Amino acid sequence: MTETTPNYLPLILIVDHDDLSHGMVQKSLEKGGFRTVRAPDHTDPLPLFIEKQPDLVLLELEGPGCTGLESCRRIRSLVLGRHTPILVVTGNDEGDLVHRAFEAGASDFVAKSGNPDLLVYRARCLMRNGRLLKNLQQSEDRLARVQQIARLGDWEWSPENGRFWKSQQMFAILGTSQEADSGTLTGFLQQVAPKDRDLVREHFERALDDPAGCDFECRIVRGDGSERLVWIYGRREPTGAPRSVHLLGTLQDVTEVRRSEARSRMLKEAVDSLQIGITFSDAHGRIVYLNPAEARMHGFEVEELIGREARAFAATPHRRQTPPNRLTDGTTWRRESVNVRRNGEEFPVLLTSIPVLDREQRYLGIVTTCEDISERKENEERINRLAYYDNLTGLPNRSMFLERLHQCLAQAGRDGDVLSLVFLDLDNFKDINDTLGHGAGDKLLYEVALRLSECIRESDLLARLGGDEFVVLLTSISCQDRVAAAVQRMLDIFQEPFEIEGRTVYSSASIGIALFPDDSHDASSLFRSADTAMYHAKSEGRGRFRFFSEEMNHKILHRVALENALRQGLERGEFFLHYQPQWDLRTNRMVGAEVLLRWQSADFGLMLPSEFISLTEDSGLILGIGEWVLRSACQQARLWARQGHPEFRVAVNVSSKQLKQQDFVAMLNQVILETGVDPKSLELEFTESVIMENAERTIETLEALKDMGVQLSIDDFGTGYSSLNYLKHFPVDRIKIDRSFVADVSRSTDDAAIVEAIITMAQSLSLKVLAEGVENSDQLHHLSQLGCDEVQGFYLAMPMPADALEGSLGREHGRRVGKHEVTEWFDSRSDASPWPAAPSHSAKSSRKICAVRENG
Ligand SMILES: Nc1nc2c(ncn2[C@@H]2O[C@H](COP(=O)(O)O[C@H]3[C@@H](O)[C@H](n4cnc5c(=O)[nH]c(N)nc54)O[C@@H]3COP(=O)(O)O)[C@@H](O)[C@H]2O)c(=O)[nH]1
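In every chain, residue numbers begin from 1 and rise along the written sequence. Reporting in this predicted model follows two pLDDT cut-offs: at least 70 for local features of residues, and 80 or more for side-chain atom pairs to be given and counted; totals over whole chains, interfaces and linings ignore these cut-offs and use all residues. Derived side-chain values reflect all non-hydrogen atoms in the structure, with water molecules and hydrogen atoms excluded from consideration.

### Some thoughts on the overall build of the protein chain
Operational definition: The helix and strand labels rest on DSSP assignments: H or I over at least four residues marks a helix, E over at least two residues marks a strand, and numbering proceeds from the N terminus. Buried, partly exposed and exposed residues are distinguished by accessible area as a fraction of the type maximum, computed with a 1.4 Å probe on protein chains only: under 20%, between the cut-offs, and over 50%, respectively. Contact between two residues is taken to exist if any of their heavy atoms lie within 4.5 Å; hydrogens are not considered. Where accessible areas are quoted, they stem from the Shrake-Rupley method and a 1.4 Å probe; at the residue level, only the protein chains shown are allowed to cover.
Assigned secondary structure in the protein chain consists of 31 helices and 34 strands. Counting every position in the protein chain, which comprises 856 residues, the buried fraction comes to 46%. Excluding contacts between residues fewer than 6 apart, the proportion of contacts in the protein chain whose partners are at least 24 apart in sequence is 59%. If you sum the accessible surface of the protein chain, you get close to 43,500 Å²; carbon and sulfur atoms cover 50% of it.

Following this line, the structure appears as structure tokens:
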């Protein structure tokens, strides 16, 4: 039961020893509406006080052994007893005791002899005052606590008497004590920072006349010397006396507030100036703040977006509610999305959201940063394109193709499907590059890519591996016939010529096909097999396709072994040279010899050039071997010159790769210097096609060679371009009529006519003509009659070692055949001979190898 309970009867604790007077007092009080409880003596009224918590204590001061004053003090010292009215009962003449009773905490006193009924009114009055006092004290305590929390003090200045009163909290803020305070404005101003003292004084004085009072901030210096920022608010109040006012006000320590405001301002400045967008949205997803970058990014002004839903930034398909767990788990949530600008343009963004929770972990809102990643995406795409796509054609490149191939093989392996790998290589692409330039070559590749992509299915994968190589993975065809049909369609795209830079360009391709799982089980061997098949298609005549077979594989393995043996052959000294004599038909003299390479391989036995020269060219080995041939031939020519045959020339075959070698001229010059050979004794033979490969550059090289004094000849003349016109531009000395024309010169009028035309044309250009492949006396006879200058062939002499030829240099011969005299010469094919027998009928026709001389 408390005071606020309806029908509450206040309780009075009576501390006395006189039973008689107690009875009267108790009766009066209970009649007056009180309840009573009695502490019979003064020994210890506290337990009962604590237990009952009375609304008033009636305390007798006098009596035997009376300790009323002590009881009064002890009750007051209790928190419970701080505000409880204590009415002390005294004798009639007890002035001093009353005084001591008040000092001990008594609220009032009453004489023992007084009317007990009046005691009721006294008690009521005391209890009412006690309640008021208690309430007042409580509000003061509360105010003090609030001021302490708010770091807010209050003050009062009376200009009339100069007093400046400060509350406890003021002292706490100023860091000084009440005891040391002068209680004047001057004393207070001492604690204001010197720079702000005038400001404070002015504000205070103005406020005395201004109903609005004063409201300002200044710095104070606390007792410990530290400086704080305080906010002072003051308002004038009338004192009650006429025309008298004083100033009441508050002083609040706002140092932290201002610091945090400054921090917030700086933070806002920083956030506002960021290039990355930032949005704060509330628990309902509405935007409460966004920085200019965010607004700008979306094409709006900041103000236009406040209050709008944050998710409206996202393009419709990407608009979604934040997953609930994201809102409360307090973790950062990062994702890519697509936002939309005011003009409808969509753009990729990187969003990072951090939910904001209160102390009770309730969701308050979300902070989201938004980065426009269009540029990054474009860069990624560009890098991806560079890494996985061919720049020229836009097709997937080797890396991408291999990645996809691995995936497809794994899938096909699981599903038991068949895949076909088609390897396509353009024929003679290099010629197009060399003759029309790289720009034209690139355009051709682009056009080929375009046509190929049009002739395959969507499920097939087309890629450019680099150079002129393309691959297609056929995923949807399992039957070989249909693969063949698909591949034929790929070849057919070359039927139509290409229009490149205003020129009509014809091209073709060779294709190799390997099947999974029949031919190979993994990507790299599938590639190898398709490549092998392509190589065979190419070597069989180009413009065709071949399916991979094991036989092809064997050929390739053989080729690899041959190449390895060739590399070692040079180191092991397995190469040697044969010389095939060449005669001047007019003087019947041996004027030179063609140098022919031979290879006695440890692994493959004796090998002829037809078996290995093209491989040395493909592998680049021809450069080293060719230099060795040149050096050895020059040494031999130099030796023969020393032996008395300075006019005798050696003719060395030069391949296309050698001629294109950057330093070919320099290398030859070096060889000539080193061997000391007279350059006139050296002839270099080039085929027509080699010369025509890059005609302009070749002319420069040939002229440089000519300047060195070397003789030049065109080999196999008649089989290539045979453009008589180009001949005049090349600084050559001799043309060698190909043996295919010589073979039928005595039987076919056409061939005879061709040979005659070549001879006539050469004579008009002052060029010598040498006919090669002379295998019988009829051919020799005809060539002589047609005016051919020189001859070479099995009928006259087989290729032979240098020492075999040496004995015949400068010898005289003379035996007539028809109008020719044929001299028995020598037979290079003796049984002891280490070199191979001459092919064709020449070997059977005669074991005599002859030289011829025109009659008369
Ligand atoms: N780049 C280099 N090429 C070289 C080198 N050495 C030779 N070769 C080229 O190899 C091709 C084949 O040469 P080879 O097997 O030696 O055949 C030559 C002669 O033996 C053969 N020949 C000579 N007379 C006759 C004949 O009456 N009938 C007949 N069927 N064949 C004959 O002709 C070959 C020489 O021909 P050519 O070069 O066109 O003058 C050959 O193309 C050589 O060029 C080398 O060191 N480097």
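There's more to say after this.
### Notes on the sheet that holds strand β9 (residues 227-238)
Spelled out, the test is: Any two strands are treated as partners once DSSP identifies two or more bridges connecting them. Only the stretch in contact is used when fitting a helix axis, every axis being a line fitted to C-alpha atoms; angles between N-to-C directions are given from 0 to 180 degrees.
With respect to topology, 5 strands assemble into an open sheet ordered β7-β6-β10-β9-β8, the strand pairing being antiparallel. A single partner strand is all that each edge strand has here, and the edge strands are β7 (163-166) and β8 (214-221). Shown here is a sheet whose adjacent strand axes are inclined to one another by a mean of 25°, direction ignored. Note that strand β6 (residues 152-158) and β7 share 4 bridges and pair antiparallel. When the bridges of β7 are listed, Ser-158 appears paired with Arg-163. Running over the sheet, helix α9 (residues 255-273) touches β8, β9 and β10 (245-253) and is turned about 120° from β9.

### Overview of the sheet that holds strand β15 (residues 363-372)
Across the sheet, which stays open at both edges, the 5 strands sit in the order β12-β11-β15-β14-β13 with antiparallel pairing between neighbours. Only two strands of the sheet have a single partner each, and these edge strands are β12 (287-290) and β13 (333-340). Taken over all neighbouring pairs, the strand axes of this sheet differ in orientation by 30° on average, direction set aside. With 9 bridges connecting them, strand β14 (residues 346-357) and β15 associate as antiparallel partners. Paired with Val-356 across the strands is Gly-365, a residue of β15. In the packing of helix α13 (residues 374-388) onto the sheet, contacts are made with β13, β14 and β15, and the angle to β14 comes to roughly 125°.

### A look at the packing of aromatic side chains
Defined as follows: Here a pair means two rings of Phe, Tyr or Trp (six-membered ring of Trp) with centres within 6.5 Å. Their orientation is stacked below 30 degrees between planes, edge-to-face above 60, and tilted elsewhere.
Across all of its chains, the model carries 21 aromatic pairs by this definition. Relative to Phe-527, the ring of Phe-401 has its centre 5.9 Å away and its plane inclined at 80°; by these criteria the two rings are edge-to-face. With a gap of 126 residues between them, Phe-401 in helix α14 (residues 398-415) and Phe-527 in helix α18 (residues 523-539) connect regions that are remote in the sequence. Summarising the burial analysis for this pair, Phe-401 and Phe-527 share the class buried.

### Topic: the pattern of salt bridges
Note the threshold: Think of a salt bridge as a Lys or Arg side-chain nitrogen and an Asp or Glu carboxyl oxygen that are within 4 Å of each other.
Under the definition given, this model contains 49 salt bridges. Taking the shortest distance from any N to any O, the salt bridge between Arg-342 and Glu-304 comes out at 2.5 Å. In this pair, Arg-342 is assigned in the loop between β13 and β14 and Glu-304 in helix α11 (residues 302-305), connecting sequence segments 38 residues apart. By relative accessible area, Glu-304 is classed as partly exposed at 32%. The network of salt bridges with shared partners includes Arg-228, Asp-253, Glu-256 and Arg-259.

### Quick word on the packing of helix α15 (residues 429-436) against helix α16 (residues 438-455)
Which entries qualify depends on this criterion: Any angle that falls under 35 degrees is termed roughly parallel, while one over 145 is termed roughly antiparallel, one within 65 to 115 roughly perpendicular, and all others oblique.
Packing of α15 against α16 brings their axes to within 6 Å, and their N-to-C directions diverge by 140°. As judged from the angle between their axes, α15 and α16 are oblique. Contacts between α15 and α16 involve Phe-429, Ile-432, Asn-433 and Leu-436 from the first element and His-438, Ala-440, Gly-441, Leu-444 and Leu-445 from the second.

### Focus: the site of the ligand
Which entries qualify depends on this criterion: Any residue with a heavy atom positioned within 4 Å of a molecule or strand is treated as near that molecule or strand. Counting of polar contacts relies on pairs of N or O atoms within 3.5 Å, with two restrictions inside protein: one atom must be capable of donating a hydrogen and the other of accepting it, and residues adjacent in sequence are counted only when both atoms are side-chain atoms.
Around the ligand, the surrounding shell holds 22 residues, and the nearest of these are Glu-594, Asp-716, Arg-739, Glu-772 and Glu-775. In this structure, an oxygen atom belonging to the ligand sits 3.1 Å away from a side-chain N or O atom of Asp-715. Compared with its free state, where it exposes 830 Å², the ligand has 84% of that area covered by protein. At the level of elements, β24 (589-601), α20 (609-619) and β28 (711-717) are the ones that each hand at least two residues to the shell around the ligand.

### Topic: the nonpolar core
The criterion, for reference: Residues enter a nonpolar core if they are buried and are Ala, Val, Leu, Ile, Met, Phe, Trp, Tyr or Cys, with the set joined through side-chain atoms within 4.5 Å.
Leu-684, Phe-686 and Ile-735 are the most contacted members of the largest nonpolar core, which totals 78 residues. Looking at which element gives the most residues to this core, the answer is helix α21 (residues 622-642), with 7 residues. Residues contacting Leu-684, with those up to four places away along its chain left out, are Leu-630, Val-652, Val-654, Phe-664, Leu-668, Leu-705, Val-710, Gln-711, Leu-712 and Ser-713. Judged by nonpolar contacts, the second largest core, of 36 residues, contains Ala-449, Val-487, Leu-491 and Ile-493.

### A short note on a negative patch on the surface
Inclusion rule: Any residue with relative accessible area above 30% and no salt bridge may belong to a patch, with like charges joined within 9 Å and the nonpolar Val, Leu, Ile, Met, Phe, Trp and Tyr side chains within 5 Å. Positive charges come from Lys and Arg, negative ones from Asp and Glu, while His and the chain ends are left out of the count. Charge positions come from single atoms, namely NZ of Lys, CZ of Arg, CG of Asp or CD of Glu.
The grouping of Glu-696, Glu-700, Glu-703 and Asp-707 at the surface amounts to a negative patch. Position of Asp-707 relative to the elements: it lies in helix α25 (residues 695-707). By relative accessible area, which is 70% here, Asp-707 ends up exposed.

### So, the pairing of β9
As paired elements, β8 and β9 share 8 bridges and run antiparallel to each other. Across the sheet, Val-221 pairs through a bridge with Glu-227, a residue of β9. Following β8, the chain reverses through 5 residues before pairing antiparallel with β9; Gly-225 in that reversal takes a positive phi of roughly 90°. For β9 and β10, the ladder comprises 9 bridges, and the chain directions are antiparallel. Bridge assignment links Ile-232 to a residue of β10, and that residue is Leu-251. Hairpin connection between β9 and β10: a loop of 6 residues separates the two successive antiparallel strands, and Gly-240 in this loop has a positive phi of roughly 110°.

### Some remarks on the environment of Met-552
Counting through the fold element by element, Met-552 comes out in helix α19 (residues 550-572). As a C-alpha pair, Met-552 and Ser-529 span 23 residues in sequence and 8.7 Å in three-dimensional space.

### Points about the confidence of the model for the protein chain
What counts, and what does not: Confidence of the prediction at every residue is given by pLDDT, a number between 0 and 100.
Of all residues in the protein chain, 91% attain a pLDDT of 70 or more, and the chain-wide mean is 87. Counting interchain partners and residues more than four positions distant, the pLDDT-below-50 stretch residues 812-856 has 127 contacts.

### Observations concerning unusual backbone geometry
Cis geometry marks the peptide bond from Phe-516 to Pro-517; its omega dihedral reads 10°. Its location among the elements puts Pro-517 in the loop between β21 (509-516) and α18. The phi angle at Glu-501 is positive, at roughly 50°, despite the residue not being glycine. Its place among the elements puts Glu-501 in the loop between β19 (498-500) and β20 (503-505). The backbone of Asn-588 shows a phi angle near 60°, a positive value even though the residue is not glycine. Mapped onto the fold, Asn-588 is located in the loop between β23 (575-584) and β24.

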